[in-house]
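# Overview (structure and organization)
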Amino acid sequence: MTTLISCEEKSSIGVEVLPDGDLVTIRSTIKEIKSFTHSEDSIRTDESSSSLLGSFSDSLFGNTTINLATQFRLSEYPDFGPNPKADSVNLYIYYRIIYGDTIAKQKFRVYELESPLDFDSKYTQDVDLKSMASSKLLGEYEYKPKIKIDSTTKDTFYQLINIPIDISLGEKLINADSLQMVNNDVFLEFFKGLYIETERQNSHGGTILSLETLPVGGFDGSALVLFYSNDSSRRVNKPDTLYMPYLISSYSARVNQIKHDYSGTPFLENLNSETNQDSLIFVQATGGLKTRIIIDNLTSWADSVNTAINKAELIFQIDTVASQVHRFPPPGQMLFTVVDSVGKEFLPKDYVFSPTFYGGGLRADYTYHFNITQHLQEIIDGNTGNYGFFLTPARKNDQANRVILKGSTSKTGIKLVISYSKYTR
């Protein structure tokens, strides 16, 4: 569909042109756009701003289960006093945001790591954390997530998961040789950290928690805490007043393992295939799903001469019913990336020019708009090829949001609106 934009005077064929020249300004809406649902490439899951934990299942996106391994560091050299005795150990995990429901219970199991994590290494979602841990179960806890809103600030309160840990870990920590605690590098060789495993949610429901592991402001972050007594505390009959926290700091390696199972989902038959298009396309964070976009007729624009793109805007519409947007909020920001001749993704020139100009934020009408003006001009000028695009969530490893968009075969699906000027001589 093509419409013509007014300038000043009309020609005999109805096209408005500038009175003293041959510049024609045209607005064109391209709807011949192909879209396909693909699996996301394996994403990095180490040291994200928020570690994730939990399991969630539904008929649309299948099952996502996320495990966590983390280091704990000394905040000071431990001085346990005379004849110390470990009384109890607790793992305190805080969160504020959930993605899912507060009905289904979550079950977590805790194991000690036997293989070290490396803060400077890169880990991806398919890392086998279980193989790095001992088979000895240190703690097991069943928990039903909850959310509480501050009526004044409208923000969410910190919520606590308190997992009792086997006393054997406390005895290991309190009986450590002084040379094993002289600094954190040595200590992390002695106590490598914990692996927290989530039991898979097989029935529909569940939750992915966004954990608050790091200290910020007056909040101390999540921690492993050893409660102990010594001769001094026992003399005053206060055996549980002493404690030693082992902290998750910004220098702690934190790694998520993320598993997706798309059995029984509506897109599974055509997943990673570009043979059949669908009226719906699926996008999911946590290294889940992305959308492949192909706009074949962009190549023909390269044959046009004297054409200047004024604006090229790509618009995606959320299917609010299928997505259940009030129950499962869509990603707040999406990325529209360009594919080169070898399949590598990169952000278009428009993003480099200005992320705000480029767009991609969720709008009030449940659409995502991307300004790809400069990239389209690059294609027309022959400076780059047209190898397709991908649509993905901007925040891939610290949020679990997902969305269902209207695909290319939907009546209100994807469209590219181009305003351009053409010099006829």
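Heads up: the structure comes first, above all this text.
Residues numbered from 1 in each chain as written. Predicted model: local features only at pLDDT ≥ 70, side-chain atom pairs only at ≥ 80, totals over all residues. Heavy atoms only, no water.

A few words now on the overall build of the protein. On a plain count of helices and strands, the protein comes out with 8 helices and 27 strands. Per-residue burial for the protein yields a buried fraction of 51% across its 425 residues. Expressed as a percentage of contacts within the protein between residues at least 6 apart in sequence, the contacts between residues at least 24 apart total 81%. In the form shown here, the protein has an accessible surface area of approximately 20,000 Å², with 49% of it arising from carbon and sulfur atoms. (Helix = DSSP H or I, 4+ residues; strand = E, 2+ residues; numbered from the N terminus. Buried < 20%, exposed > 50% of the residue type's maximum accessible area, 1.4 Å probe, protein only. Contact = heavy atoms within 4.5 Å. Areas by Shrake-Rupley, 256 points an atom, 1.4 Å probe, with all protein chains shown as cover.)

What follows covers the packing of aromatic side chains. Using the criterion set out here, one finds 25 aromatic pairs in the structure. Arranged with centres 5.2 Å apart and planes meeting at 90 degrees, the rings of Tyr94 and Phe219 form a pair that is edge-to-face. Placement of the pair is Tyr94 in strand E9 (residues 85–100) and Phe219 in the loop between strand E14 (205–211) and strand E15 (223–229), with a sequence separation of 125 residues. Given a relative accessible area of 23%, Tyr94 falls into the partly exposed group. Relative to Tyr243, the ring of Phe227 has its centre 6.2 Å away and its plane inclined at 45 degrees; by these criteria the two rings are tilted. Of this pair, Phe227 sits in strand E15 while Tyr243 sits in strand E16 (residues 242–247), placing them 16 residues apart in sequence. Tyr243 sits in the exposed class, given a relative accessible area of 53%. Three or more aromatic residues link up through ring pairs in this structure, and these residues are Phe316, Phe336, Tyr351, Tyr358, Phe370 and Phe389. The positively charged end of Lys172 is found above the aromatic ring belonging to Phe190, 5.0 Å away from the centroid. Above the face of the Phe390 ring, Lys290 is positioned so that its terminal group lies 3.9 Å from the ring centre. (Phe/Tyr/Trp six-rings, centres within 6.5 Å; stacked < 30°, edge-to-face > 60°. Lys NZ or Arg CZ within 6 Å of the ring centre and 35° of its normal.)

This part is about helix H8 (residues 373–380). In terms of residue burial, H8 counts as a mostly covered element, since 6 of its 8 residues are buried. Residues Thr373, His375, Leu376, Gln377, Ile379 and Ile380 constitute the buried set of H8. The first or second residue beyond H8 is Gly382, which carries a positive phi of 80 degrees.

Within the fold, Asn256 resides in strand E17 (residues 254–261). Of the residues examined, Asn256 reaches a relative accessible area of 1% and is grouped as buried. Within polar-contact distance, the side chain of Asn256 engages the backbone oxygen of Leu52 at 2.7 Å. A polar atom in the side chain of Asn256 sits 2.8 Å from the backbone oxygen of Asn67. (Polar contact = N/O pair within 3.5 Å; in protein donor to acceptor, adjacent residues only side chain to side chain.)

Once that is clear, we can look at the environment of Leu268. Counting through the fold element by element, Leu268 comes out in the loop between E17 and strand E18 (280–284). The spacing of Leu268 and Leu60 is 208 residues in sequence and 10.0 Å in space, taken between C-alpha atoms. Beyond its immediate chain neighbours, meaning those up to four positions away, Leu268 contacts Tyr262 and Ser263.

Now for the nonpolar core. Formed by 36 residues in total, the largest nonpolar core has its most connected members in Leu91, Ile165, Leu173, Phe191, Leu194, Leu224 and Tyr246. Sorting elements by how many residues they give to this core places E9 first, with 6 residues. Non-local contacts of Leu173, meaning those with residues more than four positions away in its chain, are made with Phe80, Met181, Phe187, Phe190, Phe191, Leu224, Leu226 and Tyr246. In terms of nonpolar packing, the next biggest core, distinct from the first, is built from 32 residues, Ile295, Tyr368, Leu376 and Ile380 among them. (Core = buried A, V, L, I, M, F, W, Y, C linked by side-chain atoms within 4.5 Å.)

Here Asp296 shows up in the loop between strand E19 (289–294) and helix H4 (298–301). Residues in contact with Asp296, not counting those within four places in the same chain, are Lys34 and Asn386. One polar contact links Asp296 to Lys34, side chain to side chain, over a distance of 3.1 Å.

Phi at Asn272 takes a positive value of approximately 65 degrees, unusual for a residue other than glycine. By the secondary structure assignment, Asn272 is in the loop between E17 and E18. Classification of Asn272 by relative accessible area gives partly exposed; the value is 43%. For Tyr366, which is not glycine, the phi dihedral falls at a positive 60 degrees. Within the secondary structure layout, Tyr366 lies in the loop between strand E23 (359–362) and strand E24 (367–371). Since its relative accessible area comes to 25%, Tyr366 is described here as partly exposed.

Now for the pairing of strand E10 (residues 106–113). Along E10, 7 of the 8 residues are buried, which leaves the element largely enclosed by surrounding structure. Of the pairings in the sheet, the one linking E10 to strand E11 (residues 133–143) comprises 7 bridges and is antiparallel in character. Its bridge partner lying in E11, Leu113 is registered against Ala133. For E10 and strand E13 (residues 194–198), the ladder comprises 5 bridges, and the chain directions are antiparallel. (Pairing = 2+ DSSP bridges.)

In this section: a positive patch on the surface. A contiguous patch of positive charge on the surface is contributed by Arg27, Lys31, Lys311 and Lys415. Relative to the helices and strands, Lys415 resides in strand E27 (residues 415–423). (Patch = residues over 30% accessible without salt bridge, like charges linked within 9 Å, V, L, I, M, F, W, Y side chains within 5 Å. Salt bridge = Lys/Arg side-chain N within 4 Å of Asp/Glu carboxyl O. Lys, Arg positive; Asp, Glu negative; His and termini not counted. Charge placed at Lys NZ, Arg CZ, Asp CG, Glu CD.)

Turning our attention to the side chain of Ser51. Mapping Ser51 onto the fold places it in the loop between strand E5 (34–39) and strand E6 (52–58). For Ser51, a relative accessible area of 2% translates into the label buried. If sequence neighbours within four positions are ignored, Ser51 has contacts with Leu68, Leu209, Ser210, Leu211, Thr213, Arg254 and Asn256.

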